[in-house]
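Overview (structure and organization)
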Amino acid sequence: MSNSFTNSNNKNKNTRIETKQERLLREDATEIWGKFIDLLSQNLKPSEISTWFSVLTPREFENNVLTIQVPSKDFYGMIEKRYNKQISTIIDSGLLGENGKLNYIVSQESLFDSSTETKTETTETPKYENPKISNFQYPYGAQKSFNAEEEKEQFVSNLYSKHTFENFVKGESNELAVAAAFAIANNPGGLYNPCLVYGGVGVGKTHLVQAIGNEIARQYPEKRVYYLTTPEFTNQFTTSIARERFDFSNGKGGTRKLDSFYKSLDVLILDDIQNLEGKPGTQDFMYQIFNSLYNNKKQIIFSSDKPINQLKSIEERLISRFQWGRIVDIQLPSWEMRVAIIQRKLEEANIEDVPEEVIHYIATNIKDSIRSIEGCIVNIIAESMFASKGEVNLELAERVVQKFLGNVRKAKSVSIENIIYATAEYFKISENQILSRKRTKEIAFARQIAMFLAKDMTTFTLESIGLNFGGKDHATVLYAYNSIKESIKKSSNVQNVVSDIKNAIAKL
């Protein structure tokens, strides 16, 4: 094997000074790693390099063994899964010398393990301190300009303490978003700045962006991390304007004070930026805040329920700034991921010994969002306490699910998820392949069939269909629809394919 793996979870916990030999080994490793990245860049996209390799750290190069530190065992696994072929090719090329080897060391067992290794050989990991949790309490009453020291004691983050990496369920539908989030948490204000996370309603955007904030607050307790929704941001701005009209503090209150507050932040997390649409005054204020934070290398994180190209009535200069950094999407959870989410929610509620058939039934029928899954679980728990002394069985689950979604088994509306599932079954490929960016002939054709059926059998807009297919734009969906529509006219084989899949969907 040209690659090896070492768990360094218990190494380097004490503060110590780097020796001269260690420094030389690290410098050699940095030089070799730079060449390694140059070779990878010949075959990978810049976005792949920045997403998966920017957070890897060269530690030492000795006896033709290059040691690289990775953030977690999960991160190592994802890199090996995706890029083992490219990495092995470079090692076999002789870059590391005869019998060269790449050795990975990790700082924690899991991506969401709270135990982290020190960032350098000379510093210790800060002890965990929960950020203050509160609603925004902006000190309008003080009749003096903002002072960081005076504000320090009353600053609140607005972060929900339970939104952490540890209880965020990850899967293929959010893999890239999680990788970007972890990179930001370990290097705020660095490569991924700003970061925009987008996805449909209830897929976990708020949880993930707050998890970044909580992790930064844990690792860097001195940083001012602040979260709020865009409607709250708008309300603060309009309230500050109203107060400014009655302010007699020589221009030190109102919007100036709000401006000073935001420019003092180290991390700003703004949720649901689609709500900036049609608010030019708030957009202009956001533009000024953005420029100040970005120029001072402060981390900015946004979320949206729409792709960036679907945001309307937002100034072009602000849209362009949203696009400066990293844009990642969270897709609807797969069946396997829904099972994992249901298991996690039941564990959090201390509900044990739930039959597997119950969990599978819920996962099969509650498909639209994580939020719906959470709501259904709450209803099932409440019903179990009332009707069966805490026992959760299939009969109870069926009754609650039918009540929750309106008899989902007999629902006549066709879901895009069912269309994708039936299409994947017909072509003997996975649903994830249809949602991927792979362009092999078979997968591309199956994807076009599924998009055609989504437009033909549902009332979703082209934009919504594209979002359900991994963030494709409306033009891609329209092209697929027209292409299959023409093929149906010319080919009886395509007609039969479409007919067979429609029949399969009707049976779901």
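Quick caveat, the model's predicted, so the values are computed rather than measured. Starting afresh in each chain, residues are numbered from 1 along the sequence in its written order. Two thresholds apply to this predicted model, a pLDDT of at least 70 for residue-level local features and 80 or more for giving and counting side-chain atom pairs, whereas whole-chain, interface and lining totals are computed over all residues. The side-chain figures draw on all heavy atoms in the structure; neither hydrogens nor water molecules are used.

1. Brief notes about the side chain of D271
How we decide: Only runs of H or I of at least four residues qualify as helices and only runs of E of at least two qualify as strands under DSSP, and these elements are numbered from the N terminus. When a residue's accessible area, from a 1.4 Å probe over protein chains only, is under 20% of the maximum for its type it is buried; when over 50% it is exposed; and in between it is partly exposed. Within this scheme the basic residues Lys and Arg register as positive and the acidic residues Asp and Glu register as negative, but His and the chain ends are omitted. Criterion for a salt bridge: a side-chain nitrogen of Lys or Arg within 4 Å of a carboxyl oxygen of Asp or Glu. Note on contacts: a residue pair qualifies if any of its non-hydrogen atoms lie within 4.5 Å across the two residues.
Within the secondary structure layout, D271 lies in strand β7 (residues 267-271). Notably, D271 is buried but unbridged: the nearest opposite-charge side chain belongs to K205, and the N-O separation is 6.4 Å. The contacts of D271, once residues within four sequence positions are left out, are T206, Y227, L228, T229, T230 and S303.

2. Here's the deal with the sheet that holds strand β9 (residues 326-330)
Strand pairing in a sheet takes place through backbone hydrogen bonds and is either antiparallel or parallel in direction. Note the following rule: What makes two strands pair is DSSP finding at least two bridges between them. Axis definition: a line fitted to C-alpha atoms, over the contacting stretch in the case of helices. Angles run 0 to 180 degrees between N-to-C directions.
An order of β6-β7-β8-β5-β9 is seen for the 5 strands of this open sheet, with the pairing classed as parallel. The open sheet has two edge strands, β6 (225-229) and β9, and neither has a second partner. Between one strand and the next, the sheet's axes are offset by a mean angle of 15°, whatever the strand orientation. Bridge count for strand β5 (residues 195-199) against β9 is 5 bridges, and the pairing is parallel. Paired with V197 across the two strands is V328, which belongs to β9. Each of β5, β8 (299-304) and β9 touches helix α5 (residues 175-186); the most contacted strand, β9, lies at about 135° to it.

3. Details of the side chain of Q219
Inclusion rule: Polar contact criterion, stated in full: a pair of N or O atoms within 3.5 Å, where within protein one must be able to donate a hydrogen and the other to accept it, and residues adjacent in sequence count only if both atoms are side-chain atoms.
Take Q219: it is sitting in helix α6 (residues 205-219). Reaching out from Q219, the side chain makes a polar contact with the side chain of E215 at a distance of 2.9 Å.

4. Structural notes on the packing of aromatic side chains
For the record, the criterion: Pairing of aromatic rings covers Phe, Tyr and the six-membered ring of Trp, with a centre-to-centre limit of 6.5 Å; geometry is then stacked below 30 degrees between planes, edge-to-face above 60, and tilted otherwise.
Within the structure shown, the criterion is met by 20 aromatic pairs. Seen from their ring centres, F155 and F261 are 6.1 Å apart, and the 35° between their planes marks the pair as tilted. In this pair, F155 sits in the loop between α4 (148-152) and α5 while F261 sits in helix α8 (residues 254-263), placing the two residues 106 residues apart along the sequence. Seen in terms of ring centroids, Y226 and Y262 are 6.0 Å apart; in terms of plane orientation they differ by 65°. Their pairing is edge-to-face. Taken as a pair, Y226 in strand β6 and Y262 in helix α8 lie far apart in primary sequence, 36 residues in all.

5. Notes on the confidence of the model for the protein chain
Worth spelling out the cut-off: A residue's pLDDT is the confidence the predictor assigns to it, expressed on a 0 to 100 scale.
Across the protein chain, the average pLDDT comes to 79, with 81% of residues at or above 70. Here residues 9-16 scores under 50 on pLDDT; set against residues more than four positions off or in separate chains, the count is 22 contacts. Below pLDDT 50 for its whole length, residues 407-412 participates in 7 contacts with residues either more than four positions away or in separate chains.

6. Some remarks on the pattern of salt bridges
Should their charged atoms come close, side chains of opposite charge can pair. The full count for this structure, using the stated rule, is 13 salt bridges. Here R317 makes a salt bridge to D284, at a shortest N to O gap of 2.5 Å. Taken together, the residues span a long stretch of sequence, with R317 in helix α10 (residues 316-322) and D284 in helix α9 (residues 280-295) at a distance of 33 residues. Note on R317: relative accessible area 29%, which makes it partly exposed. With a closest N to O distance of 3.5 Å, R399 and E383 form a salt bridge. Here R399, found in helix α14 (residues 394-405), pairs with E383, found in helix α13 (residues 370-387); they are 16 residues apart in sequence, far enough to count as distant. When salt bridges that share partners are traced, they join D284, E315 and R317 into one network.

7. Considerations on α5
Rule in force here: Expected helix span is taken as 1.5 Å per residue step, with the number of steps being one fewer than the number of residues.
The first and last C-alpha atoms of α5 sit 17 Å apart over 12 residues, in line with the 16 Å expected at 1.5 Å per residue. Where burial is concerned, most of α5 is hidden: 10 out of the 12 residues are buried. Three or more residues of α5 are buried, namely E175, A177, V178, A179, A180, A181, F182, A183, I184 and A185.

8. Concerning the packing of helix α12 (residues 356-365) against α14
Using the following cut-off: An angle below 35 degrees is read as roughly parallel, one above 145 as roughly antiparallel, one from 65 to 115 as roughly perpendicular, and any other as oblique. Helix crossings fall into two classes, left-handed where the near helix is turned counterclockwise from the far one by less than a right angle and right-handed where it is turned clockwise. Gly counts as polar in this scheme, as do all residues outside two lists: the nonpolar Ala, Val, Leu, Ile, Met, Phe, Trp, Tyr, Cys and Pro, and the charged Asp, Glu, Lys and Arg.
It is the contact of α12 with α14, at a shortest axis distance of 9 Å, that shows an interaxial angle of 15°. Between α12 and α14, the crossing angle belongs to the class labelled roughly parallel. As for the relative orientation of α12 and α14, their crossing is right-handed in sense. Seen from α12, the contacting residues are E357, V358, Y361, I362 and N365; seen from α14, they are L394, A397, E398, V401, Q402 and L405. Here the residues of the contact of α12 with α14 sort into 7 nonpolar, 2 polar and 2 charged.

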